[in-house]
Amino acid sequence: MRKPAVYSPSRRPSAASAVAAAPVEPAEATPVSRPPWRERWRSPRTGWLLSAGLAAALVGLLVWQASRPAPLALTQKAIDQAVLRSLSTQVLPSQAARAAEVIRPAVVRVQSYGSTDADDDDEDGVGTGVVIVDKGTILTNLHVVADARRIRLTFADGSHSAATIVGAQPENDLAVLQAHTIPDDLVAATMRSTHDLLPGQEVVAVGFPFGIGPSVSAGVVSGLGRSFKSPDGEQEVRNLIQFDAAANPGNSGGPLITMSGEVVGIVTGILNPTQQRTFVGIGFAVPIESAASAAGLPPF
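1. What to know about the pattern of salt bridges
Working step 1: Under the definition given, this model contains four salt bridges.
Working step 2: In this structure, the salt-bridge partner of Glu-101 is Arg-104, at a minimum N-O distance of 3.5 Å.
Working step 3: For Glu-101, a relative accessible area of 47% corresponds to the partly exposed category.
Working step 4: Residue Arg-104 is classed as partly exposed on the basis of its relative accessible area of 37%.
Working step 5: In this structure, the salt-bridge partner of Asp-196 is Arg-192, at a minimum N-O distance of 3.0 Å.

This is the structure:
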């Protein structure tokens, strides 16, 4: 029997192998063109110009620094001259104006109604009060609100409130009021002891004379430890501060303050030998120690 032919695998490369095995000729490199400005910046001449420019700028900076005048030394004489120049060219508020601005938010107009007749819509009197506790506690004179059926307060922001008498000190002509409603930003006055108060010290009276105001008047402490009895009163008030800042009916119950805006007294009356009830230069205030005790506040 004849054997089948056996063939060995072909050693001839296939077409794909031939292509893969064929040597690849390297492609010619395409030259990359550079922008002309790069060539210029890379030139030695450009580098020299840059160095020269930087050196010139540095020299110019050094010359400018050296030519600047040295700063003047700050001396006390220079400070005094600057202050004097400011005072001579600018109008500053007076001490009295600054004090009045401090106390202004705590000053209250006090109106009393219905104390003399059945119609409580008729205003019987007007006076002044000062807020001493920011919860609506107010000091005024007792004679401003005595026998009133209704009391109306007007705060510095223009808001109004009814009030009730919650305390009284007849021997010092003082009354303590409690406002029924108060502004959200109600400010209380700062009170100051009178133990070092001296005649001649400047003071300011703030209030509603004849209902006009708030009005401000300035003067000095004229004396201490005075006594006063109003023409229509029965109680003599003692240990008063005498002052010469202008005060008139309506100032009663208002604050007497220092030039720092601190309350040292509550205006209570004026001395006038006639029946005109107008100011002739002598006013009286209850020391704040007595006024504070009427409200139950601790002593200084």
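Read on for the rest.
2. Some remarks on the side chain of Ser-112
Working step 1: Of note, Ser-112 is situated in strand E1 (residues 107–113).
Working step 2: Ser-112 has contacts with Asp-122, Glu-123, Asp-124, Gly-125, Val-144, Val-145, Ala-148 and Arg-150, leaving out every residue within four places of it along the chain.

3. Quick look at the environment of Thr-278
Working step 1: The topology assignment puts Thr-278 in the loop between strand E11 (263–270) and strand E12 (283–287).
Working step 2: Here Thr-278 falls in the partly exposed class, since its relative accessible area comes to 34%.
Working step 3: Leave out the neighbours within four places in its chain, and Thr-278 touches Asn-248, Ile-270 and Asn-272.

4. Brief notes about a nonpolar patch on the surface
Working step 1: On the surface, a nonpolar cluster with roughly 440 Å² of combined accessible area is contributed by Leu-58, Leu-61, Leu-62 and Trp-64.
Working step 2: Within the secondary structure, Leu-58 sits in helix H3 (residues 44–67).
Working step 3: The exposure class assigned to Leu-58 is exposed, which follows from its relative accessible area of 51%.

Rules and cut-offs
Residues numbered from 1 in each chain as written. Predicted model: local features only at pLDDT ≥ 70, side-chain atom pairs only at ≥ 80, totals over all residues. Heavy atoms only, no water. Salt bridge = Lys/Arg side-chain N within 4 Å of Asp/Glu carboxyl O. Buried < 20%, exposed > 50% of the residue type's maximum accessible area, 1.4 Å probe, protein only. Helix = DSSP H or I, 4+ residues; strand = E, 2+ residues; numbered from the N terminus. Contact = heavy atoms within 4.5 Å. Patch = residues over 30% accessible without salt bridge, like charges linked within 9 Å, V, L, I, M, F, W, Y side chains within 5 Å. Areas by Shrake-Rupley, 256 points an atom, 1.4 Å probe, with all protein chains shown as cover.

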